Each structure stands twice: as C-alpha cells, then as structure tokens.
Amino acid sequence: MAAGYIVVEMKISDPARYKEYMADAPATIAAAGGEYLVRGGRSETIEGDWAPARMAILKFPTYEQARAWYDGERYRQVRAKRAGATEFFNMVLVEGVPPV
C-alpha cells in the first residue's frame, strides 16, 4: 500500500501564535502514525517561479491515515490554534508510489 504525503506551503505572520500551534501539532502527527520529512529548513527554487516562504512535508503509512489525521478531532482542535498565525497555509494530500 502506498504512503500518504501532506505537503504544506505557509507564510507565518505571527510567530508567537504559530509556536503555540507547533507545540501541539507534532504529537497529533505521531499519534496518527505520521512523521515529518521536512519542517522548514533551507530551500531554493531550482526551476520555475515557485518560491515558497516555508514548507513542511509529512508522511503517513497510507493516504487514508493521512486523511484521518487531518479530519480527526485531535488535529481539528490543534488546527484552531493556527488561526491568525499565518498569511497563508496551503496543504495538499497526495498518494505516494506503491511499493514494488
């Protein structure tokens, strides 16, 4: 079964408020079987004109587990803490390549 990946592009506008969100978000990801592959860090555009301010990539064992994490009550409560902390927060769920 293929893994599920959450790709996030964000621009933080209120670092203190965002810190409150980040104090709780990682535990919800781990509890749902997920992990961070990317969380901030340096980046550069090597082709095209996309220049994200900040990115995160999460990996879950399956697409369904990633969706269940996002829809779950625990993350819904944590997600509310993010309100007003970002100029934008774009999130995409994508299914990975099935294992061979």
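Residues numbered from 1 in each chain as written. Predicted model: local features only at pLDDT ≥ 70, side-chain atom pairs only at ≥ 80, totals over all residues. Heavy atoms only, no water.

**Some words on the overall build of the chain**
Right, on to step 1. Secondary structure summary: the chain contains three helices and four strands in total.
Right, on to step 2. Written out in order from the N terminus, the α and β elements of the chain read β-α-β-β-α-α-β.
Right, on to step 3. Expected size for 100 residues packed as a compact globule is a radius of gyration near 13 Å; at 14 Å, the chain falls within 12% of this value.
Right, on to step 4. Counting only C-alpha atoms, the chain reaches 40 × 40 × 15 Å along its principal axes.
Right, on to step 5. Scored against the burial criterion, the 100 residues of the chain give a buried share of 31%.
Right, on to step 6. Of the contacts made within the chain by residues no fewer than 6 positions apart, 78% connect residues no fewer than 24 positions apart.
Right, on to step 7. Carbon and sulfur atoms form 53% of the exposed surface of the chain, whose accessible area is close to 6,500 Å².
Right, on to step 8. Looking at the chain, you have 13 positive and 13 negative side-chain charges, and the mean spots of the two groups are 7 Å apart. (Helix = DSSP H or I, 4+ residues; strand = E, 2+ residues; numbered from the N terminus. Rg over C-alpha atoms; globule rule 2.2 N^0.38 Å. Buried < 20%, exposed > 50% of the residue type's maximum accessible area, 1.4 Å probe, protein only. Contact = heavy atoms within 4.5 Å. Areas by Shrake-Rupley, 256 points an atom, 1.4 Å probe, with all protein chains shown as cover. Lys, Arg positive; Asp, Glu negative; His and termini not counted. Charge placed at Lys NZ, Arg CZ, Asp CG, Glu CD.)

**Remarks on the packing of aromatic side chains**
Right, on to step 1. What the rule picks out here adds up to seven aromatic pairs.
Right, on to step 2. Here a set of aromatic residues connected by ring pairs shows up, and it is made of Tyr-18, Tyr-21, Phe-60, Trp-69, Tyr-70, Tyr-75 and Phe-89.
Right, on to step 3. Its guanidinium or amino end placed over the ring of Tyr-36, Arg-39 lies 4.9 Å from that ring's centre, counting from NZ or CZ.
Right, on to step 4. Geometry around Phe-89 places Arg-82 over its ring, the cationic atom sitting 3.6 Å from the centre. (Phe/Tyr/Trp six-rings, centres within 6.5 Å; stacked < 30°, edge-to-face > 60°. Lys NZ or Arg CZ within 6 Å of the ring centre and 35° of its normal.)

Function cannot be inferred from these measures alone, as they are strictly geometric.
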